Amino acid sequence: MVRAPSSGGLGDVASSDSSLRRFLFGLPGVDQVGAEARAAMLFTRSIKKGSKVWALEQAIRMIDLTTLEGQDTPGKVRALAAKARRPDPSDPTTPPVAAVCVYPDLVGVSVEALRGSGVHTASVATAFPSGRAALATKLVDVAEAIAAGADEIDMVIDRGAFLSGRLLEVHDEIVAVKQACGGRAHLKVILETGELSTLDNVRRASWLALLAGGDFIKTSTGKVSPAATPPVALVMLQAVRDFAAATGDVRGVKLAGGIRSAKDAVRYLVLVNEVAGERWLTPDTFRFGASSLLNDLLMQRTTQRTGAYSGPNYFTLD
Amino acid sequence: MTGSDERLAVLKTYKLYIGGKFPRSESGRSYAVSDAKGRFLTNAAQASRKDARDAVVAARKAFPGWTAATAYNRGQVLYRVAEVLEGRRAQFAEEVAAGEGLSAKRADAVVTQGIDRWVWYAGWADKLAQVLGGANAVAGPYFNFSVPEPTGVVAVLAPQRSSLLGLISVVAPVIVGGSTAVVVTAQDRPLPAVSLAEVLATSDLPGGVVNVLTGRTAELAPWLAGHMDVDAIDLCGAPDDIHADLERAAADNVKRVVRAPLGGEPDWTAEPGLHRMSSYLETKTVWHPMGV
């Protein structure tokens with residue numbers, strides 16, 4: 001458990017580069033072997049019957065249905081939006097997903113297609129996926145996505161700055177993007193854990209993003225491997241839990257990249273429940289960034305409903 | 001050191017064969033296998049419905065690659081299987097003799113017939129298209145071709161009595177045409193099938209093209225018959241009392257059903273004919289304008 005450095009809470013931590021550094025490097029180190037063992041142990045837990053049905057349905061509600069390809073077209077985004085509204089047309093009881101996640105230029109198409117459905121439109125921004133652009137460019141990127149109607153922004157941190165120790169620069173950039181969101185959009189901060197090399201760095205980057213005002217911390221862009229892994233998820237969930245304990249402010253975690261099977265999704269939900277707490281088992285505080293995961297969830301849900309194993313032929317190709 | 005020169009027995013663990021790997025059953029279960037006289041032989045893995053599910057996923061994954069292989073290549077791979085089978089005759093003869101209660105000489109003859117049957121099917125790989133397909137006569141400036149195409153994932157309930165020759169006679173025709181198989185072995189005589197899996201794993205056959213499940217046929221069959229991602233099912237070894245149920249379940253996704261032979265298991269030594277191969281092939285007919 002991380003305690004606030006002074007009785008004044010965490011407010012003054014980011015007042016200078018040195019105090020930010022002192023705080024982030026003063027965080028307890030992550031026992032990598034322990035984190036891997038704990039995550040692996042929680043992954044073996046078996047979820048059956050009613051709990052499984054609940055978990056599958058909740059996982060569907062937590063999905064950010066994502067398409068981030070150079071070949072994306074308005075038609076593809078509309079198809080995805082239709083799927084987001086009603087993931088399984090053969091079963092009207094299937095809940096809609098949380099959001100559709102697209103590149104900024106397709107936000108307008110997605111917002112239009114999702115109008116009235118309650119499904120959010122998330123947009124990646126800030127020179128996704130590398131984050132290598134001037135701050136002004138990144139802010140324009142964000143402003144355009146918001147002007148087009150995005151209500152969630154997935155930004156990437158400047159990993160180069162983070163790894164070379166320019167922590168305040170990373171912090172201030174997140175603050176600037178948060179300001180650009182102007183209360184109209186949720187901010188998810190992508191740490192790109194695959195490039196941070198150690199779990200200690202993941203913990204520091206998580207805290208950095210939370211201190212700077214990120215509403216969610218997100219593992220990856222999906223363009224770098226490894227993406228979401230169980231130990232990384234564990235460390236990030238600990239960060240939001242400890243942040244909530246220190247400040248009373250509940251923030252979320254989004255896992256993206258590499259989660260393709262319903263079985264894995266349910267295992268991650270176990271991790272959320274055991275590490276962060278039941279409080280986090282909602283789409284407001286936990287998300288999966290995924291595309292192919294949804295079909296597997298629908299397939300397993302159908303299996304639970306009909307009692308016969310289903311196949312990929314019965315679900316859309318996205 | 002005790003100084004004892006008695007050797008520690010190295011016993012074989014009979015496992016499943018799924019996606020090119022040899023896992024134990026997901027359920028952790030195993031069951032005792034006896035010889036024809038009821039004496040204990042060994043324990044074999046008892047597959048659960050989830051193993052069947054995993055096997056179907058593996059077979060589906062292997063299907064595109066196996067189908068895309070040229071017929072000639074498939075024939076070569078199957079022939080390679082026969083070569084490796086030949087090198088392990090003694091082991092198969094022993095297992096067949098124990099399981100089916102045959103004399104050593106008789107068991108050896110069964111193994112020979114099994115290998116010959118496999119070679120016979122291997123030879124068909126690049127001849128099926130000529131025999132079952134063809135260029136159709138049309139009254140116009142077109143070509144019109146009929147081409148046999150593999151059905152997909154086939155669930156095979158292997159014959160209960162003939163544990164090697166029968167098994168080969170139902171598995172080879174599935175894969176020769178380019179389909180992939182999930183095989184439920186003879187319940188009480190599973191050992192030759194497990195050894196066959198070891199042969200398949202070491203003879204160029206891509207993992208997942210054949211998956212072998214040992215266990216209770218009556219437990220696994222309904223899940224495979226009802227599985228929406230299985231395209232055909234061979235009911236050869238299904239218990240008599242559940243045939244109708246299996247066919248009903250198979251109708252849900254319009255599986256091709258190959259019914260069990262009337263009057264029990266046939267004489268597997270007889271010339272098999274094309275029936276089993278053509279059962280897992282679908283004819284695609286295409287028009288093709290000439291010239292262009």
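These numbers were taken from a predicted model, which means no experiment stands behind them.

(A) Here's a closer look at the overall build of chain A. Looking only at helices and strands, chain A has twelve helices and eight strands in total. In terms of overall size, chain A behaves like a compact globule, its C-alpha atoms giving a radius of gyration of 19 Å where 318 residues would be expected to give roughly 20 Å. Here the C-alpha coordinates of chain A stretch approximately 60 × 45 × 30 Å along the principal axes. Here chain A holds 318 residues, and 55% of them are scored as buried.

(B) Quick look at the sheet that holds strand β3 (residues 134-135) of chain B. Residues and elements named next belong to chain B. With antiparallel pairing, the three strands of this open sheet are ordered in space as β3-β4-β10. Two strands bound the open sheet, and with one partner strand each, they are β3 and β10 (281-289). Where β3 lies against strand β4 (residues 142-150), two bridges are found, and the strand directions are antiparallel. Across the sheet, the residue bridging to Gly134 is Ser146, located in β4.

(C) Region of interest: the environment of Asp158 of chain A. All names here are of chain A. Summarising the element assignment, Asp158 is placed in the loop between β4 (152-156) and α7 (159-163). Spatially, the C-alpha atoms of Asp158 and Ala14 are 17 Å apart, while their sequence positions differ by 144 residues. Setting aside its immediate chain neighbours within four residues, Asp158 contacts Lys138, Glu169, Val170 and Glu173. In terms of polar contacts, Asp158 uses its side chain to reach the backbone amide nitrogen of Gly160, at 3.2 Å. Here the side chain of Asp158 touches Ala161 through a polar contact of 3.1 Å, landing on its backbone nitrogen.

(D) Summary view of the side chain of Asn295 of chain A. Residue and element names in this part refer to chain A. By the secondary structure assignment, Asn295 is in helix α12 (residues 292-306). Polar contacts involving the side chain of Asn295 include one to the side chain of Lys83, which spans 2.4 Å. Here Asn295 is in contact with Lys83, Phe315, Thr316 and Asp318, once residues within four sequence places are set aside.

(E) Examining the interface of chain A and chain B more closely. Contacts between the two partners involve ten residues from chain A and, on the opposite side, nine residues from chain B. Both faces combined, the contact of chain A with chain B buries some 930 Å², and carbon together with sulfur accounts for 51% of it. At the surface where chain A touches chain B, the tally comes to zero salt bridges. Here chain A is connected to chain B by three residue pairs in polar contact (both at pLDDT 80 or more). Here the residues of the side of chain A that touches chain B sort into four nonpolar, four polar and two charged.

(F) Looking closely at the sheet that holds strand β7 (residues 210-213) of chain B. All names here are of chain B. Reading across the sheet, the five strands line up as β7-β6-β5-β8-β9 and stay open at both edges, with parallel pairing between neighbours. Edge strands, defined here as strands with exactly one partner in the open sheet, are β7 and β9 (256-258). For this sheet the average axis-to-axis angle between neighbouring strands, irrespective of direction, equals 15 degrees. Here strand β5 (residues 153-157) pairs with strand β6 (residues 180-184) via five bridges, running parallel. Across the sheet, residue Val156 finds its bridge partner in β6, namely Val183. With respect to the sheet, helix α6 (residues 165-176) is in contact with β5, β6, β7 and β8 (232-234), its orientation differing from that of β6 by roughly 160 degrees.

(G) Molecular detail of the packing of helix α8 (residues 217-226) of chain B against helix α9 (residues 243-251) of chain B. Residues and elements named next belong to chain B. One can describe the packing of α8 onto α9 by two numbers: an axis separation of 7 Å at closest approach and a directional angle of 25 degrees. By the criterion of interaxial angle, the relationship of α8 to α9 is roughly parallel. In contact with Ala221, Pro222, Ala225 and Gly226 of α8, α9 contributes Leu246, Ala249 and Ala250. The class makeup of the residues in the contact of α8 with α9 is six nonpolar, one polar and no charged.

(H) Molecular detail of the pattern of salt bridges. Residues and elements named next belong to chain A. The tally for this structure, following the rule as stated, stands at 39 salt bridges over all chains. Linking Arg287 and Asp64 is a salt bridge whose minimum nitrogen-to-oxygen distance equals 2.9 Å. Of this pair, Arg287 sits in strand β8 (residues 286-290) while Asp64 sits in strand β1 (residues 63-66), and the two are 223 residues apart along the sequence. When its relative accessible area of 4% is taken as the criterion, Arg287 is described as buried. A salt bridge links Lys178 to Asp215, with the nearest nitrogen and oxygen atoms 2.9 Å apart. Within this pair, whereas Lys178 is found in helix α8 (residues 167-181), its partner Asp215 is found in the loop between α9 (199-211) and β6 (216-218), the two being separated by 37 residues in sequence. Here the salt bridges share partners, and the residues they tie into one network are Asp64, Glu152, Asp154, Lys188, Lys218, Lys254 and Arg287.

(I) Expanded view of unusual backbone geometry. Between Phe128 of chain A and Pro129 of chain A the backbone carries a cis peptide bond, its omega angle lying at 0 degrees. Take Pro129 of chain A: it is sitting in the loop between β3 (120-125) and α6 (135-147). In this model, Ser225 of chain A is joined to Pro226 of chain A through a cis peptide bond whose omega is 0 degrees. Along the chain, the position of Pro226 of chain A falls in the loop between β6 and α10 (230-247). Backbone geometry places Asp204 of chain B, a non-glycine residue, at a positive phi of 70 degrees. For Asp204 of chain B, the location among the structural elements is in the loop between α7 (191-201) and β7. By relative accessible area, which is 55% here, Asp204 of chain B ends up exposed. In this structure, Val254 of chain B takes a positive phi of about 50 degrees despite not being glycine. Here Val254 of chain B lies in the loop between α9 and β9.

Parameters at a glance
Residues numbered from 1 in each chain as written. Chains lettered and ligands numbered in written order. Predicted model: local features only at pLDDT ≥ 70, side-chain atom pairs only at ≥ 80, totals over all residues. Heavy atoms only, no water. Helix = DSSP H or I, 4+ residues; strand = E, 2+ residues; numbered from the N terminus. Rg over C-alpha atoms; globule rule 2.2 N^0.38 Å. Buried < 20%, exposed > 50% of the residue type's maximum accessible area, 1.4 Å probe, protein only. Pairing = 2+ DSSP bridges. Contact = heavy atoms within 4.5 Å. Polar contact = N/O pair within 3.5 Å; in protein donor to acceptor, adjacent residues only side chain to side chain. Buried area = accessible area lost by both parts, 1.4 Å probe. Salt bridge = Lys/Arg side-chain N within 4 Å of Asp/Glu carboxyl O. Nonpolar A, V, L, I, M, F, W, Y, C, P; charged D, E, K, R; others polar. Axes fitted to C-alpha atoms, helices over the stretch in contact; angles between N-to-C directions. Parallel < 35°, antiparallel > 145°, perpendicular 65-115°, else oblique.

It is worth stressing that arrangement in space is one thing and function is another; only the former is reported here.
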